Amino acid sequence: MKRRKWTICLLALAVALGISGCGQGNTVSAAEPLILQVGPMQPVKPQRAQLIGEKEAIIEYAAPLAFVLEYPRTSNEAINNQILEIVQGLKAQFAEKYDLKDEEAKKRLSQKDCKSFLYLDYDSYLVSDDKICIVFHETQEPGQGMASMERVYIYHFDTNTGQRISEEELRKDGFLEAASAYTIKYFTENEPYKDRIFGDYKTTLAPNGGRFDRFALNSEGVVFYFNQYDIFPGSMGTVELLIPYSELAGLLNGVGVEAPPVIEEEATPPVEPVENSERNIDPQKPMVALTFDDGPNPVHTERILDALEKYNVVATFFDLGSLVEAYPDTVKREIALGCEVGSHSYSHKNFNTLSKEAIAEDVRMTAEAFRNAIGFEPILFRPPYGNCNDFVKSHMPLAMVTWSVDTLDWKSKDPKAIMNVIRSEGNLDGKVILMHGIYETSAKATEQMVPYLLENGYQLVTVSEILQYKHGMQLEGGTYYGYNYFQ
Ligand code: ZN
């Protein structure tokens, strides 16, 4: 995703400290770790560090606004309450600025009218035995011709007391001066920074200039974030600089330099779908495909799966890569029950605003998430919000699919209303029904919908099977299968 900027990883120092995790780029002799000019250093992607607690997500369409907010839930309730307050606060601020004030006009909007997007994701770090750090990355896409904006919010917590720790409490005298000196040296000696740093950087990056007051501690060192347009051109986005603890020795309170144990990731063997001998599809009989977006959710998707299992039927799940990482067992169960699993992107961005590179990066990250969870990559993609313009179509390597019946479950949050949509739709043969796997009300509706469809003579099939049996087509990467395929 867009916000994943480059963290500068000082390989020489990392080698000297025995820290692993910055896998590529040039290495220099450990004998000269303090010489920062090491030739064309490769910025190295920061390791995704989501070590703390479980990932929670608020995905909410409140046209013209849409929210995709991810945050951690820890084992400490006091910390959780503060985190939730932070997330709700950012959401309220965004709504205050960009929501439509005319309530009547708002009622007429649909999911496709979501024009202003707020995204929040995070990294979390175990700093020491009793300290954690949560770094929120916010992206605002207000739409209406306004440029998108990135911001970073940093919080440290004491895991014993649940109290927030300010950065002022963490740093000692001399910290600001050391951080300033290091940063100026680094940015003026290394590519791609040295030729791009703005004019009066010595003033901007002075110890008392305010740029070093806020920082994030992780297991390797201190990370500073420089906002878009602050000291570099906006095209560089938010710039992160990691200063290893060894460079700031004695300048922090109660933070060690020990590296965390490296957790080896095991390759996941592919999950085999259960061979379901009773699921012989009769091409002559009516068929319909249920689809569930925005999951997996460890509670509501599981309940949907219970219903499918009970009636021995399948559906198609369009999962978010970031949630696949958080809840791999639910995705494994989707596959194990014979369901079809497709991508719904990594974090539900509006693809109509993405560059070619950002699309490719999203596909890559999502594929990796699925590979780690179930051993293979999806070939099917359902664009978030159904937004799939010609540019997206020409750069998306996966087969793109839409739906044909929108239950509006995200809006009504009412099983009765959802069932009414289905009942009033008329003939459902060959149709693809859109639902969301993240609401209790959608799970409840599924429990009614499945027996209703079976009683009315429909076979429940996957989206691929609709294409295969109704149109004689096999899914092809890069092809768009729009509404008229599912009528
Ligand atoms: Zn969605």
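Bear in mind the structure is a predicted one, so any value in this text is a computation, not a measurement.

Draft legend 1. Representation of the environment of Val152. Within the secondary structure layout, Val152 lies in strand E6 (residues 149-158). For the pair Val152 and Leu120, spaced 32 residues apart in sequence, the C-alpha separation works out to 9.6 Å. Here Val152 is in contact with Val135, Phe136, His137, Tyr225, Asn227 and Thr238, once residues within four sequence places are set aside.

Draft legend 2. Representation of the coordination of the zinc ion. Bound to the zinc ion are the protein donor atoms Tyr61 (OH), Asp294 (OD), His344 (NE2) and His348 (NE2), situated 2.0 to 2.7 Å from the metal. Sequence positions of the donors to the zinc ion reduce to the motif Y-x232-D-x49-H-x3-H. Linking Asp294 in the loop between strand E11 (287-293) and helix H7 (300-311) with His348 in the loop between strand E13 (340-343) and helix H10 (356-374), this pair joins segments that are 54 residues apart in sequence. In this structure, Asp294 and His348 share a single accessibility class: buried.

Draft legend 3. Broad picture of unusual backbone geometry. In this structure, the amide linkage connecting Glu191 to the following residue, Pro192, adopts the cis form with an omega of -5°. Phi is positive for Asp294, close to 75°, though the residue is something other than glycine. Despite not being glycine, His348 shows a phi value in the positive range, around 65°.

Draft legend 4. Spotlight on helix H9 (residues 328-336). When H9 is considered as a whole, its buried residues turn out to be Thr330, Val331, Arg333, Glu334 and Ile335. Where H9 is buried, its residues contact H7, strand E12 (316-319), helix H8 (321-326), E13 and H10. A positive phi of about 85° marks Gly338, the residue just after H9.

Draft legend 5. Up close: the side chain of His436. Mapped onto the fold, His436 is located in strand E17 (residues 431-436). On the basis of relative accessible area, His436 is assigned to the buried category, the value being 1%.

Draft legend 6. Seen up close, the sheet that holds strand E3 (residues 65-73). Strand order in the open sheet made by the 6 strands is E2-E3-E4-E5-E6-E7, with mixed pairing throughout. Two strands bound the open sheet, and with one partner strand each, they are strand E2 (54-62) and strand E7 (164-165). Alignment of E3 against strand E4 (residues 116-128), held across 5 bridges, turns out to be parallel. Paired with Val68 across the two strands is Tyr119, which belongs to E4. On top of the sheet, helix H2 (residues 77-98) reaches E2, E3, E4, strand E5 (131-141), E6 and E7; it is set at about 165° to E3, its chief contact.

Draft legend 7. How the structure looks around the pattern of salt bridges. This model, assessed by the stated rule, comprises 24 salt bridges. Note that Lys107 is salt-bridged to Glu104, the shortest N-O span being 3.2 Å. Taken together, the positions of Lys107 and Glu104, both in helix H3 (residues 103-107) and 3 residues apart, correspond to about one turn of that helix. On the accessibility criterion, Lys107 (58% relative accessible area) is exposed. Given the relative accessible area of 48%, Glu104 is considered partly exposed. One salt-bridge network, held together by shared partners, links Glu302, Asp306, Glu309 and Arg333.

Draft legend 8. Representation of the side chain of Thr301 within the structure. When you line up the elements, Thr301 lands in helix H7. Among the residues examined, Thr301 registers a relative accessible area of 1% and is labelled buried. When sequence neighbours within four positions are dropped, the list of residues in contact with Thr301 reads Gly295, Pro296, Phe317, Thr330, Glu334 and Gly437.

Draft legend 9. View of the packing of aromatic side chains. With the rule as written, the count across this model stands at 24 aromatic pairs. Seen from their ring centres, Phe117 and Tyr119 are 6.1 Å apart, and the 5° between their planes marks the pair as stacked. Pair check on accessibility: Phe117 and Tyr119 agree, each one buried. With 4.8 Å between their ring centres and 65° between their planes, Phe117 and Tyr385 make a pair best called edge-to-face. Of the two residues, Phe117 is situated in strand E4 and Tyr385 in the loop between strand E14 (380-381) and helix H11 (390-395); the sequence distance between them amounts to 268 residues. Take Phe117 and Tyr385: they sit in the same class, and that class is buried. Grouped by ring-pair contacts, the aromatic residues Phe175, Tyr186, Phe187, Tyr193, Phe212, Phe215, Phe224, Phe226 and Phe232 constitute a single cluster. Across from the ring centre of Phe67, 5.1 Å away, lies the NZ or CZ of Lys91, which sits over that ring. The side chain of Lys393 reaches across the aromatic face of Tyr480, ending 4.1 Å from its centre.

Calculation rules
- Residues numbered from 1 in each chain as written.
- Predicted model: local features only at pLDDT ≥ 70, side-chain atom pairs only at ≥ 80, totals over all residues.
- Heavy atoms only, no water.
- Helix = DSSP H or I, 4+ residues; strand = E, 2+ residues; numbered from the N terminus.
- Contact = heavy atoms within 4.5 Å.
- Donors = N, O, S within 2.8 Å, 3.2 Å for Na, K, Ca; no water.
- Buried < 20%, exposed > 50% of the residue type's maximum accessible area, 1.4 Å probe, protein only.
- Pairing = 2+ DSSP bridges.
- Axes fitted to C-alpha atoms, helices over the stretch in contact; angles between N-to-C directions.
- Salt bridge = Lys/Arg side-chain N within 4 Å of Asp/Glu carboxyl O.
- Phe/Tyr/Trp six-rings, centres within 6.5 Å; stacked < 30°, edge-to-face > 60°.
- Lys NZ or Arg CZ within 6 Å of the ring centre and 35° of its normal.

It is worth stressing that arrangement in space is one thing and function is another; only the former is reported here.
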